[in-house]
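Listed here are the chains, written in short residue letters.
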Amino acid sequence: MSVEVFEKEMERLISPNAKLVRLASGFQFTEGPVWNEEERALYFSDIPADTIFRYNEGTGTEVFRKPSHYANGLTFDSQGRLVACEHQTRRVTRTSESGREVIADQYRGKRLNSPNDLVIAEDGSVFFTDPLYGLREGLGGPGKQELDFQGLYRVPVGASEPVLLADDFEAPNGLAFSPDEARLYVDDTVQRHVRVFKVGEDYTLTGGEVLVEIKGEGEGKPDGMKVDSKGHIYCTGPQGIWMCTEQGDVIGRVRVPEKTSNLAWGGEGNRTLFITASTSIYQIPFFISGNV
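Reading the values: the criteria
Residues numbered from 1 in each chain as written. Predicted model: local features only at pLDDT ≥ 70, side-chain atom pairs only at ≥ 80, totals over all residues. Heavy atoms only, no water. Core = buried A, V, L, I, M, F, W, Y, C linked by side-chain atoms within 4.5 Å. Buried < 20%, exposed > 50% of the residue type's maximum accessible area, 1.4 Å probe, protein only. Helix = DSSP H or I, 4+ residues; strand = E, 2+ residues; numbered from the N terminus. Contact = heavy atoms within 4.5 Å. Pairing = 2+ DSSP bridges. Axes fitted to C-alpha atoms, helices over the stretch in contact; angles between N-to-C directions. 1 Å grid on protein atoms, 1.4 Å probe; cavity = no way out; pocket = protein on both sides within 12 Å on 5 of 7 lines; lining within 4 Å. Points joined across faces, edges and corners; volume = space filled by probe spheres on them. Nonpolar A, V, L, I, M, F, W, Y, C, P; charged D, E, K, R; others polar. Polar contact = N/O pair within 3.5 Å; in protein donor to acceptor, adjacent residues only side chain to side chain. Salt bridge = Lys/Arg side-chain N within 4 Å of Asp/Glu carboxyl O.

1. Focus: the nonpolar core
Reasoning step 1: Counting residues in each nonpolar core, the largest one holds 21 residues, and the members touching the most others are Ile14, Tyr234, Val254, Leu273, Ile284 and Phe286.
Reasoning step 2: Put simply, the parts of the chain that give this core at least two residues each are β23 (240-244), β24 (250-255), β25 (260-266), β26 (272-277) and β27 (280-285).
Reasoning step 3: Sorting elements by how many residues they give to this core places β26 first, with three residues.
Reasoning step 4: Apart from residues lying up to four places away in sequence, Val254 is in contact with Ser2, Ile14, Leu20, Gln239, Gly240, Ile241, Met243, Ile284 and Phe286.

2. Regarding the pairing of strand β4 (residues 41-46)
Reasoning step 1: In terms of burial, β4 is largely enclosed, as six of its six residues are buried.
Reasoning step 2: Alternating residues of β4 divide into Ala41, Tyr43 and Ser45 and Leu42, Phe44 and Asp46, and every residue in both groups is buried.
Reasoning step 3: Bridging between strand β3 (residues 30-36) and β4 involves five bridges; their strand directions are antiparallel. Across the sheet, Thr30 pairs through a bridge with Asp46, a residue of β4.

3. Description of the sheet that holds strand β13 (residues 118-120)
Reasoning step 1: As summarised here, the arrangement of the four strands in space is β13-β14-β15-β16, forming an open sheet in which the pairing is antiparallel. Pairing within the sheet leaves two strands with one partner each, and these edge strands are β13 and β16 (163-166). Across the sheet, the mean angle from the axis of one strand to that of its neighbour is 25°, orientation sign disregarded.
Reasoning step 2: Pairing of strand β15 (residues 151-155) with β16, which is carried by three bridges, proceeds in the antiparallel orientation. In the sheet register, Leu152 faces β16, and the bridge partner there is Ala166.

4. Digging into the layout of surface pockets
Reasoning step 1: The space that makes up the second largest pocket amounts to roughly 350 Å³.
Reasoning step 2: In this structure, the second largest pocket is lined by 18 residues; those nearest its centre are Phe29, Tyr133, Thr189, Asp223 and Lys259.
Reasoning step 3: Grouping the amino acids of the lining of the second largest pocket by side-chain chemistry returns six nonpolar, seven polar and five charged.

5. Structural notes on the environment of Ile241
Reasoning step 1: Within the secondary structure, Ile241 is located in strand β23.
Reasoning step 2: With a relative accessible area of 0%, Ile241 lands in the buried category.
Reasoning step 3: A sequence separation of 21 residues divides Ile241 from Asn262, and the C-alpha atoms of the two residues are 8.8 Å apart.
Reasoning step 4: Setting aside residues up to four positions removed in sequence, Ile241 forms contacts with Tyr234, Cys235, Thr236, Gly252, Arg253, Val254, Thr260, Leu263, Leu273 and Ile275.

6. Here we look at the side chain of Ser178
Reasoning step 1: By the secondary structure assignment, Ser178 is in the loop between β17 (172-177) and β18 (183-188).
Reasoning step 2: Residue Ser178 is classed as buried on the basis of its relative accessible area, which comes to 2%.
Reasoning step 3: Of the polar contacts made by the side chain of Ser178, one reaches the side chain of Asp180; its length is 2.7 Å.
Reasoning step 4: Apart from residues lying up to four places away in sequence, Ser178 is in contact with Arg183, Tyr185, Val227 and Asn291.

7. Points about the sheet that holds strand β19 (residues 193-199)
Reasoning step 1: The four strands lie next to each other as β17-β18-β19-β20, forming an open sheet whose pairing is antiparallel. For this open sheet the edge positions go to β17 and β20 (205-213), each flanked by a neighbour on one side alone. Across the sheet, the mean angle from the axis of one strand to that of its neighbour is 25°, orientation sign disregarded.
Reasoning step 2: Pairing between β17 and β18: four bridges, direction antiparallel. Each bridged residue has a counterpart across the sheet, and for Phe177 the counterpart in β18 is Leu184.

8. Structural notes on unusual backbone geometry
What is expected of a backbone is that most residues other than glycine have negative phi and most peptide bonds are trans.
Reasoning step 1: Going from Lys66 to Pro67, the amide bond is cis rather than trans, its omega being 5°.
Reasoning step 2: Mapped onto the secondary structure, Pro67 falls in the loop between β6 (60-65) and β7 (71-76).
Reasoning step 3: Between Gly141 and Pro142 the backbone carries a cis peptide bond, its omega angle lying at 10°.
Reasoning step 4: Looking at the element boundaries, Pro142 is found in the loop between β14 (126-130) and β15.

9. What about the pattern of salt bridges?
Reasoning step 1: A complete count under the given rule lists 15 salt bridges for this structure.
Reasoning step 2: When the shortest N-O distance is used, the salt bridge between Arg40 and Glu268 registers 3.5 Å. Highlighted residues: Arg40 in the loop between β3 and β4 and Glu268 in the loop between β25 and β26, separated in sequence by 228 residues.
Reasoning step 3: Take Glu268: its relative accessible area is 59%, and that puts it in the exposed class.

10. Looking at the pairing of strand β10 (residues 99-104)
Reasoning step 1: Sheet topology places strand β9 (residues 91-96) next to β10; five bridges connect them, and they run antiparallel. Bridging from a neighbouring strand, Ser96 pairs with Gly99 of β10.
Reasoning step 2: Counting the residues in the hairpin turn of β9 and β10 gives two residues.

Following this line, the structure appears as structure tokens:
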């Protein structure tokens, strides 16, 4: 069985008999999935292959961009433009009709570490995490760290430099807003937990306490993260995707046969969860819709 129910609330989100389906395989390490509703297609990164792929049911998998500069996290803005975290160039970029433009690549005159994952707020500003993973050889490096911390940032619309929001992570990674944007969740891969920040006016953050620890036997750590339309939190972890309430109670898990890295909502009614895991991409249907 793919679905493990720890609390009854889980059964309101997904059928205990829901089937996990492998859509495509044979990749090196998949990451950064994002659904394009207009194209009915899933975009995702293969970091070591230096490639962004596009998948849809009709045509299967095709190369969208190579080289991708070892891109990791991907998303689309309100105008349908692809925004990417690029490990090799150590920047966040946006692709428009005129080409690729840099959203962020430095903080106070020093190069970023390796932007990893991102989310776009309702006002159009870009939030991203900046751990060290992309400085490693084979993932975008080798590269020399210039900043002495691994931060969480926001790039306001029209700004030329990011605003540092928090620098007390060991390895900040996945991030997601609650549906009302009153809270921002950020996980720390090394610490194996999810932290929660209260979002104030002008997207200032307070708090940052640990909401839930994602620990257990088997491969996988907190990495990618998403939220559904009712505010439940979905985070990669040991043996699959862990589901939690807003209060931090773990209610269930979708077991995946490979090491999970990230996830994205999409499909009909935004009720399909797409999962990137090691050499493959997967999907599983839900009753509830995702928050994007």
